Amino acid sequence: MRVVLRELAHFNRHEVAGLLGVEARDEAAARLEERRDGVERALRALSLQYAGYAEAVRLQHLQRAAYRLESAEYDRQWRNSAINAEVHADLEKAMDARRAEASRRPPLRLGIELTAMIGRVSLFAGLSPEEVRAVGRRLRARIALPGELIVARGGKGDAMYFIAAGAAKVRLVVGEVVLKEGDFFGEKALLDGKPRNADVVAEGVCHLLVLDAREFKRLLDSSPTMRAEIEAVAAPRQG
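Residues numbered from 1 in each chain as written. Predicted model: local features only at pLDDT ≥ 70, side-chain atom pairs only at ≥ 80, totals over all residues. Heavy atoms only, no water.

A. Spotlight on the pattern of salt bridges. Scanning the entire structure with this criterion turns up 22 salt bridges. Where lysine 217 meets aspartate 221, a salt bridge forms, and the shortest distance between an N and an O atom there is 3.0 Å. Of the two residues, lysine 217 and aspartate 221 are both situated in helix H8 (residues 213-222); the distance of 4 residues between them amounts to about one turn of the helix. By relative accessible area, aspartate 221 is classed as partly exposed at 45%. (Salt bridge = Lys/Arg side-chain N within 4 Å of Asp/Glu carboxyl O. Helix = DSSP H or I, 4+ residues; strand = E, 2+ residues; numbered from the N terminus. Buried < 20%, exposed > 50% of the residue type's maximum accessible area, 1.4 Å probe, protein only.)

B. Region of interest: the side chain of histidine 88. Within the fold, histidine 88 resides in helix H4 (residues 85-103). The class of histidine 88 is buried, set by a relative accessible area of 11%. A polar atom in the side chain of histidine 88 sits 2.7 Å from the side chain of aspartate 75. Apart from residues no more than four positions distant in its own chain, histidine 88 is found in contact with Tyr74, Asp75, Trp78 and Ile83. (Polar contact = N/O pair within 3.5 Å; in protein donor to acceptor, adjacent residues only side chain to side chain. Contact = heavy atoms within 4.5 Å.)

C. View of the pairing of strand E4 (residues 175-180). As judged from the 6 bridges shared by strand E3 (residues 159-172) and E4, these two strands associate in the antiparallel manner. Along E4, the bridge assignment pairs alanine 168 with leucine 179. (Pairing = 2+ DSSP bridges.)

D. How the structure looks around helix H1 (residues 2-20). At asparagine 12, H1 is bent by approximately 45°, the largest bend along its length. Every buried residue belonging to H1 is among Leu5, Asn12 and Val16, and all of these are buried. (Bend = angle between axes of the 7 residues up to and from the residue.)

This is the structure in structure tokens:
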């Protein structure tokens, strides 16, 4: 999509004004820019949330592009009589297996990625591999983009959030607090059942692990140690 949008933008700059006028060109440029920004945000979110998968997809895309160039070179050599039809066919046949491999979508191993995310949260640092997997079944990953409102003051406490990467700004009545990787927030509304007492906004791209209210209760019931740690952090925030 990124490549296609780049080519469309080039065509728009050099061809559309002559065909449809400057106004149409400028309108199309604005729409293409919006689409390009959306694609870039999506790609950044994918890279942050599933870094290994995103890298595998990127390398696969480059491989497919390389095979297209290689095939075009075989065609050129054949047209120029540098190779005969039999050699050309053998080269193309040998490349078929590589093309097929590059066309298979890489596996998205959510368990591996989520385990790595959980390991970056200080509250979970002392958990055994079995406990990490148990926690992982209760969490869902979420990406918050720069400036995005994650929770709103006065809202219902329906989940708590762990910061796996990035930072978030808590906007209190008396000031602001920046939370970073390993911190968590949103537990107070779950513990006391009262509305949210602050806005929380993403500072840059923020990678979150979300624990909804029902799973929050189950986790605390199953782990007295984790309950004590969460309550210890939440206590100073009560004021």
